[in-house]
Amino acid sequence: MLLSPGELEERLRGIGARRYHRLHPFHHLLHGGKCTKGQVQAWALNRYYYQAMIPIKDASLIARCEDSAVRREWRSRLIDHDGTADGEGGIARWLRLTDGLGLERDYVVSTRGILPGTRFAVEAYVRFVRERSLLEAIASSLTELFSPAIIGERVEGMLKNYDFVTKETLAYFDKRPPQAKRDSDYALDYVKRHAVTPEGQQAVLAALEFKCDVLWAQLDALHHAYVEPRHVSPGAFVPADQEPT
């Protein structure tokens, strides 16, 4: 059955309400002040890989997009993450977060310490964007519809509950809500205009579900390694306050 654009948007927002990683137990622990410093370090270290691969994902989307208007719109995402010079952009701000948490920058950038589950999930997302239709690739970015809420919870909860976190440490999140709104507004409009068959609409819904699964899987890996049962993968980061089992 073909959905109206409004019905499609309602279905997309319903996926976020049920499946966005804001609902994951690890985030409740993180935002509620229930994590140790080592667990916060592990989260920031593993999340770095996701942040670092986002512009690679976006560049691959641009490279196969024949519409110059879409390319012009999408390249703002590269600037957001990479900046226009060294020390600028979202990746640089995320490294200031890991610096502030006491992680060595060379170690973070090397990604040697990330969990296999993190690597597999992030690389699956990059492959999805490279290999699926442009419509599906753009739809997979629609988790940004839901990110401003989780960012607000994250910043408020972490500043309130962790004495080793400062506003400067969390500077990455200052610019993300307006960027995410701009990007998700564009992607949602694109999807509603271009998903004009039942098959296309189902592909769009499945793409957003997949992206939610990618984010959820990363937190599953963190929870398994650093919360319960604390089975850290061989070679992965082991916090000073956690011994491997």
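Up top is the structure these notes are about.
Residues numbered from 1 in each chain as written. Predicted model: local features only at pLDDT ≥ 70, side-chain atom pairs only at ≥ 80, totals over all residues. Heavy atoms only, no water.

**Looking at unusual backbone geometry**
Then step 1. In the segment running from Glu228 into Pro229, the intervening peptide bond is cis, with an omega of 5°.
Then step 2. By the secondary structure assignment, Pro229 is in the segment after helix H11 (198-226).
Then step 3. Phi at Thr111 takes a positive value of approximately 60°, unusual for a residue other than glycine.
Then step 4. Relative to the elements of secondary structure, Thr111 occurs in the loop between helix H6 (105-110) and helix H7 (116-131).
Then step 5. A positive phi angle is found at Arg230, which is not glycine, with a value near 65°.
Then step 6. Looking at where Arg230 falls in the secondary structure, it is placed in the segment after H11. (Helix = DSSP H or I, 4+ residues; strand = E, 2+ residues; numbered from the N terminus.)

**Details of the packing of helix H4 (residues 68-82) against helix H10 (residues 172-194)**
Then step 1. At a minimum axis separation of 11 Å, H4 and H10 run at an interaxial angle of 165°. One finds that H4 runs roughly antiparallel with respect to H10. By crossing handedness, the relation of H4 to H10 is classed as left-handed. Residues Ala69, Val70, Glu73, Trp74, Ser76, Arg77, Asp80 and His81 of H4 lie in contact with H10, whose contacting residues are Tyr172, Arg176, Gln179, Arg182, Asp183, Tyr186, Ala187 and Tyr190.
Then step 2. Looking at the contact of H4 with H10 residue by residue, the class counts come to 7 nonpolar, 3 polar and 6 charged. (Axes fitted to C-alpha atoms, helices over the stretch in contact; angles between N-to-C directions. Parallel < 35°, antiparallel > 145°, perpendicular 65-115°, else oblique. Left-handed = near helix turned anticlockwise from the far one by under 90°. Contact = heavy atoms within 4.5 Å. Nonpolar A, V, L, I, M, F, W, Y, C, P; charged D, E, K, R; others polar.)

**Here's the deal with the environment of Thr169**
Then step 1. Summarising the element assignment, Thr169 is placed in the loop between helix H9 (147-161) and H10.
Then step 2. Distance from Thr169 to Leu97, taken between C-alpha atoms, is 4.8 Å for residues 72 residues apart in sequence.
Then step 3. Once residues within four sequence positions are removed from consideration, Thr169 is found in contact with Leu97 and Gly100.

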